[in-house]
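# Fold and geometry: a report
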Amino acid sequence: LFEREFSVRKPVIEPWLRTEETAVIWAASGVGKTMLSHSIALAIAGGGSVADWSAPEPRKVIYFDGEMHLQDVKDRMEMLLKTKAVQIDDPNVLLDNLIVIARQDQEIGVPFYDLTEPESQIAVLNRAQSLGAEVVILDNFTTMSDGLDDENASVAFKKIQDFFLQMKRAGIATILVHHSTKNGRANRCTL
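Residues numbered from 1 in each chain as written. Predicted model: local features only at pLDDT ≥ 70, side-chain atom pairs only at ≥ 80, totals over all residues. Heavy atoms only, no water.

### Some points on the sheet that holds strand β4 (residues 49-50)
- With antiparallel pairing, three strands are arranged side by side in an open sheet as β5-β4-β7. The sheet terminates laterally at β5 (53-54) and β7 (86-87), the two strands that pair on one side only.
- Where β4 meets β5, two bridges bridge the pair, whose relative direction is antiparallel. Residue Ser-49 lies in a different strand from β5, and its bridge partner there is Ser-54. (Pairing = 2+ DSSP bridges. Helix = DSSP H or I, 4+ residues; strand = E, 2+ residues; numbered from the N terminus.)

What follows is the structure, encoded as C-alpha cells:
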C-alpha cells in the first residue's frame with residue numbers, strides 16, 4: 001500500500017468535493033436542496049462559483065432530475081445565472097458542459113432510472129461515461145428509488161453502495177440529493 005502510486009484527486013468544487021468522491025445533500029423537504037443542487041451544477045459546468053464555493057475548472061455535468069417539470073428547471077437555472085447567485089465567466093462553456101436528464105421529459109410509459117435496480121445503475125454509469133461526464137447529480141433518491149418500499153430504511157442504501165463505488169472507480173464524482181425522514185431524523189447513509 002505504501003509503495004503504491006495513486007492519481008491525484010482534483011477539486012471539483014472547493015472545498016468539499018474532489019474527483020472520484022461521493023457527496024449527499026440531505027435535508028427536509030422544501031428547504032432548497034434542489035436550488036442548491038442546480039447552483040452547484042451550474043458552477044461546476046461553467047467553472048464558476050456559488051457562495052464561497054468555486055469550481056477551479058469547468059467539468060461535464062449530468063443532472064438527473066426525478067420530479068420537476070423541465071421548464072421549472074430551466075427557469076430556476078436562468079434565474080440563478082441572471083441574479084448572479086451563480087457566477088459564470090463564459091456561458092458557452094456552461095452550455096457545452098451541462099446535460100439535464102429529466103423524468104418529466106421521458107416518453108410516456110418509459111421507466112426512469114431506479115437506483116435500486118442493478119440494470120438501471122449500469123445504465124446511469126454507461127450514460128455518464130458515453131457522454132464524458134465527470135460529475136453526476138441525482139435529484140433525488142425518493143424519485144429515483146421506485147424499487148424500495150421505504151427509502152428511509154437503513155438497508156435502502158445497501159442496494160446502491162456498490163453503484164457509488166463503481167462511479168468512483170470510473171472517476172465520476174457523484175452527488176445524491178435526499179430528503180430527511182418525515183420525523184426529521186437522519187437516514188443511515190453510508191456512502
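### Details of the sheet that holds strand β3 (residues 22-27)
- If you walk across this open sheet you meet the five strands as β3-β10-β9-β6-β8, and the pairing is parallel. The open sheet has two edge strands, β3 and β8 (98-102), and neither has a second partner. Between one strand and the next, the sheet's axes are offset by a mean angle of 15 degrees, whatever the strand orientation.
- Two strands pair when backbone bridges link them, and strand β6 (residues 61-65) and β8 are joined in this way by five bridges, in the parallel orientation. For Tyr-63, the partnering residue across the bridge sits in β8 and is Val-100.
- Together, β3, β9 (135-139) and β10 (173-179) form the strand contacts of helix α5 (residues 158-169), whose direction differs from that of β10 by roughly 150 degrees. (Axes fitted to C-alpha atoms, helices over the stretch in contact; angles between N-to-C directions. Contact = heavy atoms within 4.5 Å.)

### Digging into the packing of aromatic side chains
- Scanning all chains against the criterion turns up four aromatic pairs.
- Between Phe-64 and Tyr-113 the ring centres are 5.1 Å apart and the planes differ by 85 degrees, which places this aromatic pair in the edge-to-face class. Here the residue Phe-64 occupies a position in strand β6, and Tyr-113 occupies one in the loop between β8 and α4 (118-130), the gap between them amounting to 49 residues. The same class applies to Phe-64 and to Tyr-113, which are both buried.
- Put simply, the rings of Phe-64, Phe-112 and Tyr-113 pair up and form one aromatic cluster. (Phe/Tyr/Trp six-rings, centres within 6.5 Å; stacked < 30°, edge-to-face > 60°. Buried < 20%, exposed > 50% of the residue type's maximum accessible area, 1.4 Å probe, protein only.)

### A closer look at the pattern of salt bridges
- Overall, the coordinates contain six salt bridges when judged by the stated rule.
- A salt bridge links Glu-21 to Arg-9; its shortest N-O distance comes to 3.3 Å. Here Glu-21 is found in the loop between β2 (17-18) and β3, whereas its partner Arg-9 is found in the segment before β1 (11-13), with 12 residues between them in sequence.
- Of the charged contacts, one joins Glu-21 and Arg-18 as a salt bridge, the two residues approaching to 2.7 Å between their closest N and O atoms. (Salt bridge = Lys/Arg side-chain N within 4 Å of Asp/Glu carboxyl O.)

### Considering the pairing of β10
- Counting buried positions along β10 gives seven out of seven residues, so the element sits mostly inside the fold.
- By the alternation rule, side chains of β10 split into Ala-173, Ile-175, Val-177 and His-179 and Thr-174, Leu-176 and His-178, which are all buried.
- Here β3 pairs with β10 via six bridges, running parallel. Bridged to Val-24 within β10 is Leu-176.
- Note that β9 and β10 share five bridges and pair parallel. When the bridges of β10 are listed, Val-136 appears paired with Thr-174.

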